[in-house]
Amino acid sequence: MRAYPAYKDSGIPWFGKVPKHWHIIKLRNLLHKFSQKGNPDLPLLSVVRERGVILRDVTSKEENHNFIPDDLSKYKVLLDGQFVINKMKAWQGSYAVSTLIGIVSPAYFIYNIDYSNLLPRFFNVAIRSKAYINFFNQSSDGVRIGQWDLDETKMRNIPFLVPTKEEQQAIVAYLDKKCAEIEELISRRQAIIERLKELKQSIIAEAVTKGLNPKAPMKESGVSWLGSIPEHWRIKRFGTVFTERKTKVSDKVYPPISVTKLGILPQLETAVKTDNGDNRKLVLKGDFVINSRSDRKGSSGISPYNGSVSLISLVLIPEAEWNHSYIHHLLRSVPFQEEFYQKGHGIVADLWTTRYTDIASTYLPEPPYEEQQAIVSYLDKKCAAIDELVSRHEQIIEKLKELKTATIADVVTGKVDVRESI
């Protein structure tokens, strides 16, 4: 990529030199405050960092944890082409030009944009780039980062680089093409990762239910989720392999731990905190813990810690003669997960729960202890090799995302000239 023929000093450290013919305009000259009480019948919208303005899914637990009141009369109208800012998360880049019509939180800032010398898509892609997020970060403050609030006066003094409209069109077209190419590369890597994860699950399921010897004589287990198993293996009821631990403890004595799809971990920063910390279940090192809710399928594992978990988790004490790592692989395998949650009860997914009594009569395969050890050793090696491949692809994906971010920032600040590149 080539540079522009001539540059000038912008006087702004983050921008440095910018194309000589570009204008620098403060946001106060581009944005005009808009505030109109909403119509509750309009769709509810939200603004998020990665996607901009979106229809808010009130059933989603991932999108937004904020409470939605029954009375939406104080919510603000947001129109197509307006600039909206989540003032509590502007430092993260949670702001965008809307392409939707709806209502948003009364805590959001909404502005009409002076489009005399601007294309809406150029303004959106530029202002949401890394080059400008730093300004919004600097314009926010508070007691702690998670509660930073955007200072509107500071925000209105943020400088914005304005190329000619012809250049804006060229920049948008170039970035559309370049970002699509990068996203396609990312998508291919993600598809490979998914296939590797599926391969890993397949290898685990095969090893823990069929063993390692493909020539071993087999017998019908009589258990639907198991099918045939090696002839010399036994089957045992879940309730004879595990005892349920029900001891109630406080998280002040036994620190909270998280039951995740990666296994049992110290409590995650993102975990929803509870006010009921004195009413939790005890977990001791070596216990197997399962999140019994079906919307958390696969969140389980042998605990390497003493700690406490919420009451919705099932805490199990394994028999001493079973290899704990074998149990970890067996009970986290896809066939067992499906069997476990099918035994549950409830109305909807996030209220569908499997109890100890539901699963106690289910049968598990029991290889000889030495064979359990061999299976664990085999899976440790296989899974480590696959995890390494996954990690390499994830690293490439991160590099591609960094390339996309850097490319956008370089183009919208005039570090490279893309006028003849489309």
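Above: the structure in question.
Only a predicted model underlies this, so the values are computations on that prediction, with no experimental measurement involved.

### What about the overall build of the chain?
Across its full length, the chain carries nine helices and 27 strands. The C-alpha atoms of the chain give a radius of gyration of 28 Å, which is well past the 22 Å a tight globule of 422 residues would have. Along the longest, intermediate and shortest principal axes, the C-alpha atoms of the chain span 80 × 50 × 40 Å. Of all 422 residues assigned to the chain, the portion counted as buried reaches 45%. If you take every contact in the chain between residues at least 6 apart in sequence, the share linking residues at least 24 apart comes to 72%. Surface exposure of the chain reaches about 22,200 Å², of which carbon and sulfur atoms provide 52%. Within the chain, one finds 59 positive and 50 negative side-chain charges whose respective centroids are separated by 3 Å.

### Points about helix H2 (residues 130–138)
Within H2, the full set of buried residues consists of Ala131, Tyr132, Phe135 and Phe136. The arc that holds the buried residues of H2, viewed along the axis, is 130°, so those residues lie on one side. Seen from the buried face of H2, the exposed residues on the opposite side, beyond 90 degrees, are Lys130 and Gln138.

### Some details on the nonpolar core
Membership of the largest hydrophobic core comes to 43 residues, with the highest contact counts inside it found for Leu27, Phe83, Ile85, Phe123, Tyr132, Phe136 and Phe160. The element contributing the most residues to this core is helix H4 (residues 165–210), with five residues. Setting aside residues no more than four positions away along its own chain, Phe160 makes contact with His23, Ile24, Ile25, Leu27, Leu30, Leu118, Phe122, Phe123, Ala126, Ile127 and Tyr132. Counting 41 residues, the second largest nonpolar core, distinct from the first, contains Val223, Leu314, Trp322 and Leu379.

### Quick look at the pattern of salt bridges
Per the stated rule, a full pass over the model turns up 21 salt bridges. Taking the shortest distance from any N to any O, the salt bridge between Lys177 and Glu181 comes out at 2.9 Å. Taken together, the residues Lys177 and Glu181, both in helix H4 and four residues apart, mark about one turn of the helix. Ionic pairing is found between Arg419 and Asp417, a salt bridge with its closest N-O pair at 2.7 Å. Residue Asp417 is classed as buried on the basis of its relative accessible area of 3%. Taken together, the shared-partner salt bridges connect Lys177, Lys178 and Glu181 into one network.

### What about empty space enclosed by the protein?
Considering all chains together, one arrives at one cavity of 30 Å³ or more under this definition. As a volume, the largest cavity reaches approximately 40 Å³. At four residues, helix H7 (residues 334–342) tops the list of elements feeding residues into the lining of the largest cavity. Per-class residue counts for the lining of the largest cavity are five nonpolar, four polar and no charged.

### Concerning the pairing of strand E5 (residues 45–48)
Judged by which residues are buried, E5 turns out to be covered on both faces: Leu45 and Val47 on one side and Ser46 and Val48 on the other are all buried. Pairing geometry for E5 and strand E6 (residues 52–55), over four bridges, is antiparallel. Of the residues in E6, the one forming a bridge with Val48 is Gly52. The turn joining E5 and E6, which pair antiparallel and follow one another in sequence, is formed by three residues.

### With respect to the sheet that holds strand E26 (residues 313–318)
In spatial order, the strands read E18-E26-E23-E24; together these four strands make up an open sheet with antiparallel pairing. The open sheet has two free edges, formed respectively by strand E18 (242–244) and strand E24 (300–302), since each of these has just one partner strand. Going from strand to strand, the sheet's axes swing by 25° on average, the running direction of each strand aside. Here four bridges tie strand E23 (residues 288–291) to E26, and the two strands are oriented antiparallel to one another. Bridge pairing links Ile290 to Leu314 in E26.

### Regarding the side chain of Thr260
By the element assignment, Thr260 lies in strand E20 (residues 257–260). A polar atom in the side chain of Thr260 sits 2.8 Å from the backbone oxygen of Gly263.

### Examining the environment of Ser140
The topology assignment puts Ser140 in strand E12 (residues 140–141). For the pair Ser140 and Met155, spaced 15 residues apart in the sequence, the C-alpha separation amounts to 8.4 Å. At 2.8 Å, the side chain of Ser140 forms a polar contact with the backbone oxygen of Phe136.

The rules behind each value
Residues numbered from 1 in each chain as written. Predicted model: local features only at pLDDT ≥ 70, side-chain atom pairs only at ≥ 80, totals over all residues. Heavy atoms only, no water. Helix = DSSP H or I, 4+ residues; strand = E, 2+ residues; numbered from the N terminus. Rg over C-alpha atoms; globule rule 2.2 N^0.38 Å. Buried < 20%, exposed > 50% of the residue type's maximum accessible area, 1.4 Å probe, protein only. Contact = heavy atoms within 4.5 Å. Areas by Shrake-Rupley, 256 points an atom, 1.4 Å probe, with all protein chains shown as cover. Lys, Arg positive; Asp, Glu negative; His and termini not counted. Charge placed at Lys NZ, Arg CZ, Asp CG, Glu CD. Arc of directions from axis to C-beta. Core = buried A, V, L, I, M, F, W, Y, C linked by side-chain atoms within 4.5 Å. Salt bridge = Lys/Arg side-chain N within 4 Å of Asp/Glu carboxyl O. 1 Å grid on protein atoms, 1.4 Å probe; cavity = no way out; pocket = protein on both sides within 12 Å on 5 of 7 lines; lining within 4 Å. Points joined across faces, edges and corners; volume = space filled by probe spheres on them. Nonpolar A, V, L, I, M, F, W, Y, C, P; charged D, E, K, R; others polar. Pairing = 2+ DSSP bridges. Axes fitted to C-alpha atoms, helices over the stretch in contact; angles between N-to-C directions. Polar contact = N/O pair within 3.5 Å; in protein donor to acceptor, adjacent residues only side chain to side chain.

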